[in-house]
Structure formats: structure tokens, C-alpha cells
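# What the coordinates show
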Amino acid sequence: LGVATVMALGLAYTGAGAALRLEETTFRKCAIWWAITAIMIVGLFAMGSRGAILAILLIGVALIAITRNLKLMAALVTLVAVAIALALALPGKFNSARFAEKTEQLVHSGKLDPKNDGVRFDMWKIGLAQFSQGGKPLFGIGPRNFPSIDTSRLHFDQPLVADYPRLHHAHNLFVNKLAEEGVFGLSALLALFGLVAISLVRDSLAGRWKRWEWFAALGALLVPAIAGFFNTPWHQEHAMLAMMMFGLYMRARKVDFAGN
């Protein structure tokens, strides 16, 4: 959802019709995409994913710094404020209340949730211990094999918060990649991210960022990377969507350069 939100923002900001090269931009089309963006941001806050929300907020700050557009800044601040208000007004079955409670706890106590976030720290330790002690640092234990890790064979300087009868993933896409695919796997992922990042920066400096594909690739890169520090590894639906956004962006760059 975070990846799609940044893409929708790009369509709204650059002008839906012109960006899609279908027809001239109309106020109605742009208004529709602004409304879609607002609904998606409300959805993010309603879901209560701290990593995704942090990623969207940081992307918003980056866009304001790049565009230096006061209208965009006002629009983003308004969207976030409205999204927070609407998300907090939703029924308790949504996770927005949980997100607010955890944020309030962090502000008042300066500490993370020891139960929920403690599990994340444990998974990081397990992944790093498997990489350093498992005897397979170059290629890892194999894709999606994190659940096969036997924690009884690993040594931890500090004990884990709890016993885990079954593991799922490392709650960090980079640690997960390191444990499952080793140095080569992590290097390949970082090379992909680096290629997209360099292209985004070059287009930003050259003034070629005013296209929805640039926004889409920015979201596809930063949302999984930032949220991935705390949760999902790089092998689920968001990864497939991000790869499609990378491809659309690279194709748009190729067409531009061919035309020039």
C-alpha cells in the first residue's frame, strides 16, 4: 500500500492525464488521484504499520526538499493531518488505536514495546548469529529457509526474550537476505537498490523527476527499504510490485534518452 500510495501521489502531482500520456490533464483527473492518495494514506494509518508510516513520512520530507514546492508541502501536511484524524476516529478493530498507543508510549517513556519489539530484536540476533556461526556466509542457508534455523545450535551473548518453537523471518529484509542468501545474495540486492537510487538521484539533479514513474520508483525503493528494517523480507507481494515499478521507471528513462 505504501508503494502504491507514492505512485498515486506522483500521478496526482504531475497530472494524471499528462503523466499517462493519454490526453491533456484535467482538473477532474488530478482531483480523483488526490482523493485516491488521501484514501490510501488513511488506510496506512488505519493499518497501524509503524515502518510503512515512517517510510511515507520520510518520503514526504524528501519530496518537499527536492521539489521546494509550497503547494505540495501544504497538500502533504493536510493529507497526513486528515489521515491521522480519520484513522483515530475508526472503530477499535482497526490497528490505528494500537499505533497511537505505541507512539504515545515511545514519546512518554522513551522505550519501545518490550514484548512486540523484543521479538524483532531477537529475530535480528538469530539471523546475524546464523550468518556468523552457521558456516555458510557466502551463499547462506537458502531462500525462505529462515524457519529451519535451529537456535539451540547458536550462541547469544544476551539471551533471547522468549523461546521460539517456529521462526518465520528475520523482521529485517537485509538480515534475512544475509542469513538466507549470504554475502552474495545481500550484495545482489544492494546492487539493485543502488542502481535505482543512483538513477533517481541523477534524474532529480537533472530536473527529470516530474513524472509519475519517478515517484513510483522512489516509493518502490524507499518504502520496502525503510519498512524492511523492521519487518518484511524481500520476497512477498510488495517486492513484486516494487520490481514492476522499477521496470516501468527504467523503461521511461530509456525512452527519454532514446528520444533525446
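Moving on: the overall build of the protein. Looking only at helices and strands, the protein features 10 helices and 0 strands. Traced from its N-terminal end to its C-terminal end, the protein shows the element sequence α-α-α-α-α-α-α-α-α-α. Within the protein, the proportion of its 260 residues that are buried is 42%. A sequence separation of at least 24 residues applies to 72% of the contacts in the protein between residues at least 6 apart.

A few words on helix α1 (residues 2-14). A turn of α-helix holds 3.6 residues, and therefore any two residues three or four places apart point the same way. Over its 13 residues, α1 extends 18 Å from the first C-alpha to the last, a length consistent with the 18 Å expected when each residue adds 1.5 Å. Burial runs high along α1: 12 of the 13 residues are buried. Taken together, the buried positions of α1 are occupied by G2, V3, A4, T5, V6, M7, A8, L9, G10, L11, A12 and T14. G15 lies just past α1 and shows a positive phi near 100°.

Attention now goes to the confidence of the model for the protein. Mean pLDDT over the protein works out to 85, with 84% of the residues at or above the 70 mark. Helix α8 (residues 173-205) holds the highest mean pLDDT among the elements of the protein, 96, whereas helix α2 (residues 16-20) holds the lowest, 49.

Taken as a whole and judged by the stated rule, the model has 6 salt bridges. Between E181 and K177 there is a salt bridge whose closest N-O contact spans 3.0 Å. Placement of both E181 and K177 in helix α8 is noted, with a separation of 4 residues, approximately one turn of the helix. On the basis of relative accessible area, K177 is assigned to the buried category, the value being 12%. For the salt bridge of R211 with E213, the shortest nitrogen-to-oxygen distance reads 3.2 Å. A single network of salt bridges, built from pairs that share partners, joins D203, R208 and R253.

Take K136: it is sitting in the loop between α7 (116-133) and α8. Judged by its relative accessible area of 48%, K136 is partly exposed. For the pair K136 and V183, spaced 47 residues apart in the sequence, the C-alpha separation amounts to 9.4 Å.

Once that is clear, we can look at the environment of V223. As for its position among the elements, V223 is in helix α9 (residues 212-227). Placed 220 residues apart in sequence, V223 and V3 show a C-alpha to C-alpha distance of 6.2 Å. Excluding anything up to four places from it in sequence, V223 contacts G2, V3, V6, A55, I56, I59 and G228.

Procedures and definitions
Residues numbered from 1 in each chain as written. Predicted model: local features only at pLDDT ≥ 70, side-chain atom pairs only at ≥ 80, totals over all residues. Heavy atoms only, no water. Helix = DSSP H or I, 4+ residues; strand = E, 2+ residues; numbered from the N terminus. Buried < 20%, exposed > 50% of the residue type's maximum accessible area, 1.4 Å probe, protein only. Contact = heavy atoms within 4.5 Å. Expected span 1.5 Å × (residues − 1). pLDDT = per-residue confidence, 0-100. Salt bridge = Lys/Arg side-chain N within 4 Å of Asp/Glu carboxyl O.

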